[in-house]
Amino acid sequence: MTKRTAWIWLGLAAMVVAFAPLPVPSLSPQVRMFKLDARQYAYSPSELKVNPGDTVTIQLVSTDVVHGLYVDGYDLSVEADPGQTATLTFIADKSGSFRFRCNVTCGAMHPFMIGKLQVGTNAWLYRSIGLAIIAALGSIAWGVFRPKDNGTQHATRNT
Amino acid sequence: MELRLLKPAIKSRYPQLAIFIVMLVGYIFAILAGLIGTPVGSRNFSIVFVWIAWWAILILVAVPFFGRGWCAVCPIPLPGEWLQRDAVLGPEQSRWSSSDRRERIETTRRPKWLNLRVPKMFRNIWLQNISFLLLALFSSVLLTTPNITGIVLAAMLFAAIGLSMIFERRAFCRYLCPVGGFIGLYSQTALIELRIKNKQVCVKCEGKPCYNGNENGYGCPWDVFPGGLTKNTYCGLCMECIRACPHDNIAINLRPFSADLAKPTTRLDEAFKAFIMLGSAMIYAGVLLGPWGALKDAAYNVGTSAWFVYAAVFLGIIFIVMPSLFALCVSRFENINAFKKRFTSFSTALIPLGLMFWVAFSLSFVLTNASYILTALSDPLGLGWNLFGTANAAWQPMLTSILAPTQTLALVGGLIWSARTAQKAANEITVSPLPVIVYCFIVTSVMLWLLL
């Protein structure tokens, strides 16, 4: 196999890891309900896990000041006054890992009041680690081939 | 490739002075906004423009492409330097009027203040490592509390003035600035460099005006002899040497990324800078962008027992865990000097990886909060103004759909870049780069897990 062919295979492998469709487990959609306590500057629970297609209802309960909940990727939001409950319902039709965050200025650390919603598996994380493995292996392979090239050049010069 | 078109703009002092004045006004306004503006960080110019706008420009554009380009226009050393030189624009011509060279140099070197040389034990970047870590330990408060940001910005300005009164040249920039330390480290990856054209011209040059100054330019404020420059790390791109060089022998060149990294570092302070930056990016990603409220509480509540635990863990990860694992990867049970050489040389591989970690972290932070810039622009002090009609612009994260792929691209790209750098370092010291590549892969995987 020539070096060029090896790089093409490596590139193809990277494309497959990044974009190949993954089998989706056929789970019947469920109704999922979460009570999410919001306080300066954290949500509890801070990580929510649902399956793709689930109907998700989040009851946001603010325990101190006004807090909000904005879900990245879904572009949905809700706000809750202190001691009050606000409800957000949506169908989890996008798979992956999404941050949810407070969208009402609630104090100094407000920009970092963040939680995590995982819909199905966090496929992009696994794909990214796969790409990192390919990158590391490719780099090692490149290093293995490279000294031979240099050696050849030196030999040519010496002769 | 020399960037000749820039030369007229560099030789004249006026374009740089104009930028300096705009920057200084903005800096002083940021201090005032922090001290007298609203305590709500996301509505205060000091927080939004320093930690979102400036940070984004610095880490996403200025450092990767222009290296110390920020240092070239940074306003912090200006007041101290003006006082030190007793001039705002250029060297006073009368001082250079004497025909006798020795008299000229004596007159020019006559100190206006103490003009001491920085003690040898401080002529390294350990103080910069410490000053960065001090800010990093308090970063949750610093990044979110306007008056703390105002105080820190003012303290940096006064520290620069004070050091200019005591020491020669830009002692603050070179040895203390917490930002300058990592800009210097990462400027080795930049696309531009300041270098001499012909070494022989420098060898024969009388008086070395690039270092000692002449009627056209001051001696290097960064205490660097341009004739010996092989890396960007300590060249602040102030352009004085280009103005001073009587032979037009100094140029700004365009070059490939990371050209300086082909020559690995041999200094322990620089090696630890790489660990400090790499570790800080990972800790910030976990604490600030992660879902763990207890970590945020610990980082924010300075002085509590939880904060002391956080600080100990922070320092432990940076000074013990990461370097120890790295040392295990590179050690071969040999004498201490050989180990030190191997450790420092291979730490060069962490420079591009660290830069890409910061790019990936900053993308998340900046794209989420960039819409605050519009609000703060119209109402910088949070006093109810609406200067440009955007004071009530709604908060909206930007480009969240491409954030994760872009972060992956940055981190995996950083891993490849680091692996290549490790291979170059390995060629220099004739050992296998494999353990270092594995180390880089592991920390990259951890960072991917933290961010995605």
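As a reminder, the structure under discussion sits directly above these lines.
Numbering of residues begins from 1 in every chain and follows the order in which that chain's sequence is written. Think of it this way: whatever chain is written first is A, whatever ligand is written first is 1, and the rest follow in order. Side-chain atom pairs in this predicted model are given and counted only at pLDDT of 80 or more, local residue features only at pLDDT of at least 70, and totals for whole chains, interfaces and linings cover all residues.

**Structural notes on the environment of glutamine 128 of chain B**
Residue and element names in this part refer to chain B. As a reminder, the rule being used: Only DSSP runs of H or I covering at least 4 residues are called helices, and only runs of E covering at least 2 are called strands; the numbering of each starts at the N terminus. Counts of 20 or more other C-beta atoms within 10 Å of a residue's own C-beta define buried residues, counts of 12 or fewer define exposed ones, and intermediate counts define partly exposed ones; C-beta atoms are placed from the backbone.
Along the chain, glutamine 128 falls in helix α7 (residues 126–137). We classify glutamine 128 as buried; it has 25 C-beta atoms within 10 Å. The spatial distance from the C-alpha of glutamine 128 to the C-alpha of valine 179 is 7.9 Å, given a sequence separation of 51 residues.

**Description of the nonpolar core**
Residue and element names in this part refer to chain B. Definition in use: By our criterion, buried Ala, Val, Leu, Ile, Met, Phe, Trp, Tyr and Cys residues that link up through C-beta atoms within 7 Å make up a nonpolar core. Think of it this way: build a C-beta for each residue from its backbone, and any pair within 7 Å is a contact.
Membership of the largest hydrophobic core comes to 152 residues, with the highest contact counts inside it found for Leu278, Phe357, Ala360, Leu415 and Cys440. Tallying contributions element by element places helix α15 (residues 268–289) first for this core, with 13 residues. In contact with alanine 360, other than residues within four places in its own chain, are Gln407, Ala410, Leu411, Met447 and Leu451.

**Concerning the interface of chain A and chain B**
Residue-level contacts link 30 residues of chain A with 35 residues of chain B. Per element, the largest residue contribution to the side of chain A that touches chain B is eleven residues, and it comes from helix α2 (residues 123–158) of chain A.

**Focus on helix α9 (residues 146–166) of chain B**
Residues and elements named next belong to chain B. Rule in force here: Here the expected length of a helix is defined as 1.5 Å per residue gap, with one fewer gap than residues.
With 21 residues, α9 should cover 30 Å at 1.5 Å per step; its first-to-last C-alpha distance of 30 Å lies within 8% of that length. All buried positions along α9 are accounted for by Pro146, Thr149, Gly150, Val152, Leu153, Met156, Leu157, Ala160, Leu163 and Ser164. Its buried side turned inward, α9 meets α2 (14–36), α3 (45–66), α5 (78–85), α8 (139–142) and α10 (171–176).

**Describing the sheet that holds strand β4 (residues 55–62) of chain A**
Residue and element names in this part refer to chain A. Applicable threshold: A strand pair is defined by DSSP finding two or more bridges across the two strands. Axis definition: a line fitted to C-alpha atoms, over the contacting stretch in the case of helices. Angles run 0 to 180 degrees between N-to-C directions.
The strand order across the open sheet formed by four strands is β2-β1-β4-β7, and the pairing between neighbours is mixed. Of all strands in the sheet, those with a lone pairing partner are β2 (42–44) and β7 (85–91), marking the two edges. Averaged over all pairs of adjacent strands, the angle between strand axes in this sheet comes to 25°, irrespective of strand direction. Across eight bridges, the pairing between strand β1 (residues 31–39) and β4 is parallel.

Purely geometric stuff here, so don't read any function into it on its own.
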